[in-house]
Amino acid sequence: MIENLKTEDIVKARFVLRKDPVLRPFDGSFVVADPTLLTPDETPDGLWHIFFHTNFGVYHFVSRDGISFEKKAKLVKAAMRPNINVIDGEYCLFYEKTRPVFFNLMNLMHLAKWKSHIEIIKSRDLVNWTEPVTVIDYTEDYQKTPEGGHSISNPYLIKTDDGRYRIYYSCGLTFIKDCGFSEPTYISYAESEKYDTCYTSAKEPIIKPDVHDKYFNLCTGCIKVF
């Protein structure tokens with residue numbers, strides 16, 4: 001693995017797009033999305049472990065080379081946008097928990113409200129996982145969608161300099177006409193003394209669209225912070 005990778009190293013690197021995808025849709029889903037990865041130096045079996053979502057939930061695949069992946073398990077139904085972390089020897093998977101797929105399809109047709117929150121499951125061996133626990137739920141008005149539901153998604157965990165845990169997340173939904181679906185409206189965050197419970201959300205989002213900015217006036221999508 002490359003240690004102490006700097007931004008300038010990435011800028012100078014030459015990337016070549018593979019002709020074949022690493023993962024394809026399967027089992028009736030039309031999408032595989034939002035991968036989060038553990039490299040061999042981080043795993044008990046020395047394999048690559050990837051977590052991602054389809055239309056039907058969050059999945060866990062493994063690989064020996066980081067390119068050819070095999071199905072290991074479906075971890076959570078009606079969930080999406082996972083983020084894997086290693087904390088004190090424990091694997092912590094955060095994700096957006098949604099309503100069952102029927103309601104999500106109804107939402108695409110504007111016949112049902114979108115409702116989601118952030119959950120966590122944990123494992124010591126990447127085989128046995130704990131029961132889900134909600135870590136961020138709907139508490140602020142800006143997390144609402146125009147239809148009256150609420151969306152809290154795209155969790156991304158960091159540890160701050162003062163030892164607290166902070167989860168950046170997306171919230172709200174904006175319908176993008178030329179795409180035919182919605183994307184998150186705002187970026188916000190929540191903090192806690194513990195990584196797996198008691199998170200308190202900021203009272204206002206930290207990033208939001210600007211009607212006067214021609215490149216940034218619809219929505220914010222998701223964010224990764226390093």
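For the structure itself, consult the block above.
In what follows, the accompanying structure is described. (Residues numbered from 1 in each chain as written. Predicted model: local features only at pLDDT ≥ 70, side-chain atom pairs only at ≥ 80, totals over all residues. Heavy atoms only, no water.)

1. Re the sheet that holds strand 13 (residues 186–192)
So, step 1. As summarised here, the arrangement of the four strands in space is 9-10-13-14, forming an open sheet in which the pairing is antiparallel. Two strands close off the open sheet at either side, each with one partner strand: strand 9 (152–159) and strand 14 (200–201).
So, step 2. Judged from the seven bridges that link them, strand 10 (residues 165–171) and strand 13 form a sheet pairing that is antiparallel. In the strand pairing of strand 13, Tyr165 is matched with Ser192. (Pairing = 2+ DSSP bridges. Helix = DSSP H or I, 4+ residues; strand = E, 2+ residues; numbered from the N terminus.)

2. Section: the pattern of salt bridges
So, step 1. Following the criterion strictly, the structure yields eight salt bridges and no others.
So, step 2. Of the charged contacts in the structure, one is a salt bridge between Asp34 and Arg81, with a shortest N-O distance of 4.0 Å. With Asp34 in strand 1 (residues 33–38) and Arg81 in strand 5 (residues 79–87), this residue pair connects regions lying 47 residues apart in the sequence.
So, step 3. Residue Asp34 is classed as partly exposed on the basis of its relative accessible area, which comes to 28%.
So, step 4. One salt bridge connects Arg81 with Glu96, and the closest N-O pair in it is separated by 3.1 Å. Here Arg81, found in strand 5, pairs with Glu96, found in strand 6 (residues 90–97); they are 15 residues apart in sequence, far enough to count as distant. The same class applies to Arg81 and to Glu96, which are both buried.
So, step 5. Sharing partners across several salt bridges, the network here consists of Arg164, Arg166, Glu191 and Glu193. (Salt bridge = Lys/Arg side-chain N within 4 Å of Asp/Glu carboxyl O. Buried < 20%, exposed > 50% of the residue type's maximum accessible area, 1.4 Å probe, protein only.)

3. Section: the sheet that holds strand 3 (residues 57–63)
So, step 1. The strand order across the open sheet built from four strands is 1-2-3-4, with neighbouring strands paired in antiparallel fashion. Whereas interior strands pair on both sides, the edge strands pair on one side only; in this sheet they are strand 1 and strand 4 (69–77). Each neighbouring strand pair of the sheet contributes to a mean axis angle of 25°, computed without reference to strand direction.
So, step 2. Bridge analysis of strand 1 against strand 2 (residues 48–54) gives four bridges, and the strand direction is antiparallel. (Axes fitted to C-alpha atoms, helices over the stretch in contact; angles between N-to-C directions.)

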